[in-house]
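A closer look at the structure
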There are 2 protein chains.
Amino acid sequence: MLNEIKTAVVGLGNRGMSLLKYCILPREGVRVTAVCDVYEDRREKAAQMVTEAGQPAPFVTGDYREILNRSDVDAVVIMTAWESHLNLACDFMKAGKYTAVEVGGAYSLDDCWRLVRTYEETGVPCMMLENCCYGRDELMVLNMVRQGVLGEIVHCQGGYRHDLRDEISFGRENRHYRFRNYLGRNGENYPTHELGPIANVLDINRGNRMVSLVSVASKAAGLHEFLLREKGPEYDASQMRFAQGDVVTTIIKCARGETICLTLDTTLPRFYSRGFHVQGTKGMYMEDNHSIFLDGQDNAYDFKWKEKWGNAEEYRQQYEHPVWKQYLEEGVRGGHDGMDWLVLGDFFHAVRTGGPVPIDVYDAAAWMSITCLSEQSVALGGAPMAIPDFTNGQWLSRAPWDAEAAR
Amino acid sequence: MLNEIKTAVVGLGNRGMSLLKYCILPREGVRVTAVCDVYEDRREKAAQMVTEAGQPAPFVTGDYREILNRSDVDAVVIMTAWESHLNLACDFMKAGKYTAVEVGGAYSLDDCWRLVRTYEETGVPCMMLENCCYGRDELMVLNMVRQGVLGEIVHCQGGYRHDLRDEISFGRENRHYRFRNYLGRNGENYPTHELGPIANVLDINRGNRMVSLVSVASKAAGLHEFLLREKGPEYDASQMRFAQGDVVTTIIKCARGETICLTLDTTLPRFYSRGFHVQGTKGMYMEDNHSIFLDGQDNAYDFKWKEKWGNAEEYRQQYEHPVWKQYLEEGVRGGHDGMDWLVLGDFFHAVRTGGPVPIDVYDAAAWMSITCLSEQSVALGGAPMAIPDFTNGQWLSRAPWDAEAAR
């Protein structure tokens with residue numbers, strides 16, 4: 001058992017700063033011993049934050065390789081640009097550091113395999129920080145699924161439906177990786193916020209696996225119109241052509257026969273939603289009107305269904321996930337409705353105990369592979385793409401994901 | 001101008017009886033001169049309904065071919081089983097009768113082409129009775145789209161999400177065509193209720209067209225479990241394997257770059273929804289929480305969005321479609337929230353004036369082709385299928401659909 005986890009934080013943009021401030025520095029038994037970002041202003045600000053939190057001044061660097069062999073680093077949290085996630089993760093695993101990596105999508109299947117093989121060669125755990133696996137509603141629905149309330153699960157939907165036009169359009173000024181990614185790529189670039197919780201519902205890599213996908217992108221109209229309006233035609237980005245379609249729809253087929261429909265929807269005006277939607281032979285849950293429909297209890301021909309919108313709250317007490325019951329008693333902390341605190345808590349728990357991480361390299365590889373496979377499918381007019389079995393058959397016998405077991 | 005439209009009604013199951021009773025017999029200027037069904041009990045009951053409505057006894061037959069050459073028939077309304085729709089429609093067009101045909105999906109592209117060619121050779125109009133094109137919400141949203149309120153339209157979704165387990169499972173006893181179709185086929189078997197209104201929003205066949213699709217089906221679990229529970233294991237259908245997946249997701253790409261995502265979802269417990277969803281560069285509409293989000297007016301980061309559920313009603317007065325404004329003044333009639341009355345009204349108006357029908361053979365062929373193309377795509381693991389241009393280039397210059405112009 002480690003009494004104090006000496007932690008490096010790599011990547012200090014908006015996300016890195018936020019997690020550092022709200023979910024890492026205030027955590028008992030964790031000390032930040034190194035901060036790293038390619039931009040000097042960011043790393044200096046982070047170092048200041050560490051000392052202001054009453055911790056000794058951390059090692060500060062612009063090159064993560066200077067951290068790899070430091071003996072005052074047990075674990076690393078990587079929150080850099082998408083393109084560098086797997087490179088850094090593999091290097092830190094090889095250096096023997098417990099590794100946490102923020103979410104994103106892969107650029108090639110080979111990179112996903114490299115992540116898996118590096119883990120298998122080094123035995124060093126690497127966890128993807130998919131906070132939405134710890135969402136309160138997502139865990140309540142998972143709990144209902146595990147108790148059989150929704151019957152045999154047949155179909156799930158989810159999305160990353162989030163108006164990011166501001167962030168993407170002015171991304172260069174903010175040194176944000178989304179700008180260049182939206183200029184050059186076209187596919188499901190951010191699948192894991194919805195796919196993670198769905199993968200848990202469907203036992204992906206744990207009795208089930210994703211076998212194939214198709215992906216189709218709409219035209220790209222949102223960003224261009226937004227930039228013209230906000231910056232005028234003289235602004236150079238107003239004349240750029242973004243490759244990324246506004247809405248990308250992906251359908252995944254699973255080994256047990258379930259379908260998953262994902263929607264990336266980030267460059268049109270809309271309200272935020274992860275579009276979480278689970279259907280089984282006995283009932284369904286739908287995020288967008290927060291309703292639960294149960295066979296024999298609700299009436300399919302009830303055309304006044306809208307009076308039931310929000311009725312999922314009626315099931316809260318009975319099906320609140322144990323992790324959240326305890327969390328609510330202790331007090332919800334950190335950002336994103338408390339999910340960030342939980343996901344990092346599970347990572348540090350694994351580091352502290354030297355145990356396995358709950359979202360591992362097989363999950364990360366499978367979930368991230370959706371991005372590059374989606375790009376290929378879009379490019380080929382929606383052609384089906386095979387999703388590799390990154391576990392090489394271990395999925396047939398691995399035990400289902402359990403948010404409780406990790407704590 | 002025809003003062004009295006002499007009408008044959010062919011196909012007298014639940015749907016046929018209902019339209020006959022509520023939308024055809026009570027209509028001024030329309031007389032039912034022939035009724036036809038392969039089942040004697042149905043046609044006798046229909047004939048009785050006609051005389052009870054105060055009309056002379058109609059010609060009664062079990063063979064539609066006996067109606068083809070009757071001089072006391074100006075128009076025919078076909079509401080038979082899916083498999084016979086296009087056969088009958090073509091025969092009636094060849095016989096010179098104005099033809100209306102209930103909705104369904106095609107079994108082959110060749111049948112769609114035959115419908116188009118028969119129209120082009122005979123010049124006799126044939127209308128698909130897609131009542132949902134006349135839905136109050138669908139027309140309000142179309143009105144908003146035409147006025148540019150939602151900006152450039154980029155993505156639409158829709159579904160036929162209707163728990164039909166009762167109807168399908170006991171379909172043989174009720175002589176219903178869905179039973180055999182669900183046993184043998186697997187695809188998007190009923191696309192037009194959602195696709196019709198979306199096609200109008202996207203100007204399909206009128207400045208735009210659908211170019212390709214992919215389609216993926218989930219496993220079939222709902223009907224089997226339902227039958228076992230409702231009828232027990234001894235009932236023969238409880239041991240049958242249904243080919244039709246519970247949920248079929250289809251993505252269509254259009255010539256102007258829009259995507260359409262369709263969901264068939266008819267064999268799991270759920271509330272009814274057509275899942276109508278329209279997204280443009282200035283805003284969106286979503287049926288499942290009946291909300292409208294407008295850029296610059298609503299806030300994407302408003303995490304209390306659920307307090308806005310149902311806010312589409314706030315736009316009702318401003319954007320109610322003129323057809324519905326007038327209809328509400330006259331009084332809503334017939335079934336399915338008044339849509340049935342409107343769609344048949346447009347058909348009989350066309351017959352009366354000898355004019356064109358608002359939903360014509362090109363629309364019917366394009367919309368119905370989704371079914372057989374979806375079956376093929378599902379069978380080939382989601383492979384992309386080309387959607388023919390049934391207009392042979394006329395779509396480039398045909399004027400947009402106008403619910404008002406037809407009246």
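Above this text is the structure in question.
Here's a quick rundown of the structure. (Residues numbered from 1 in each chain as written. Chains lettered and ligands numbered in written order. Predicted model: local features only at pLDDT ≥ 70, side-chain atom pairs only at ≥ 80, totals over all residues. Heavy atoms only, no water.)

When the parts of a complex come together, some accessible area is lost, and that lost area is often used as the size of the interface. In this complex, chain B contributes 63 residues to the contact, which on the side of chain A involves 63 residues. Of the roughly 5,100 Å² buried at the junction of chain B and chain A (both faces included), carbon and sulfur atoms supply 60%. When the buried area of chain B at its contact with chain A is split by residue, Lys219(B), Phe271(B) and Trp309(B) rank highest and sum to 14% of it. Linking chain B to chain A there are 10 salt bridges. A salt bridge links Lys219(B) to Glu152(A); its shortest N-O distance comes to 2.9 Å. Our enumeration of links across chain B and chain A arrives at 26 residue pairs in polar contact (both at pLDDT 80 or more). Secondary structure elements with two or more residues in the side of chain B that touches chain A: strand S7 (153–161), strand S8 (210–217), helix H10 (222–231), strand S9 (247–254), strand S10 (259–265), strand S11 (277–280), strand S12 (283–286) and strand S13 (291–294) of chain B. For the side of chain B that touches chain A, the residue count by class is 25 nonpolar, 21 polar and 17 charged. (Contact = heavy atoms within 4.5 Å. Buried area = accessible area lost by both parts, 1.4 Å probe. Salt bridge = Lys/Arg side-chain N within 4 Å of Asp/Glu carboxyl O. Polar contact = N/O pair within 3.5 Å; in protein donor to acceptor, adjacent residues only side chain to side chain. Helix = DSSP H or I, 4+ residues; strand = E, 2+ residues; numbered from the N terminus. Nonpolar A, V, L, I, M, F, W, Y, C, P; charged D, E, K, R; others polar.)

Residue and element names in this part refer to chain A. In spatial order, the strands read S3-S2-S1-S4-S5-S6; together these six strands make up an open sheet with parallel pairing. On the outer flanks of this sheet lie strand S3 (59–61) and strand S6 (126–128), each paired with one strand and no other. Looking at each pair of strands side by side, their axes are set apart by 20 degrees on average, direction ignored. The pairing of strand S1 (residues 5–10) with strand S4 (residues 75–78) spans four bridges and is parallel. Its bridge partner lying in S4, Ala8 is registered against Val76. Sitting on the sheet, helix H2 (residues 40–52) touches strand S2 (30–36) and S3, and the angle it makes with S2 is about 165 degrees. (Pairing = 2+ DSSP bridges. Axes fitted to C-alpha atoms, helices over the stretch in contact; angles between N-to-C directions.)

A few words now on empty space enclosed by the protein. Evaluation of the coordinates by the stated rule reveals six cavities of 30 Å³ or more. Lining the largest cavity are 23 residues; nearest its centre among them are Gln157(A), Arg161(A), Met286(A), Gln157(B) and Arg161(B). For the lining of the largest cavity, the secondary structure elements donating two or more residues are strand S7 (153–161) and strand S10 (259–265) of chain A together with S7 and S10 of chain B. Residue classes in the lining of the largest cavity are distributed as five nonpolar, 13 polar and five charged. (1 Å grid on protein atoms, 1.4 Å probe; cavity = no way out; pocket = protein on both sides within 12 Å on 5 of 7 lines; lining within 4 Å. Points joined across faces, edges and corners; volume = space filled by probe spheres on them.)

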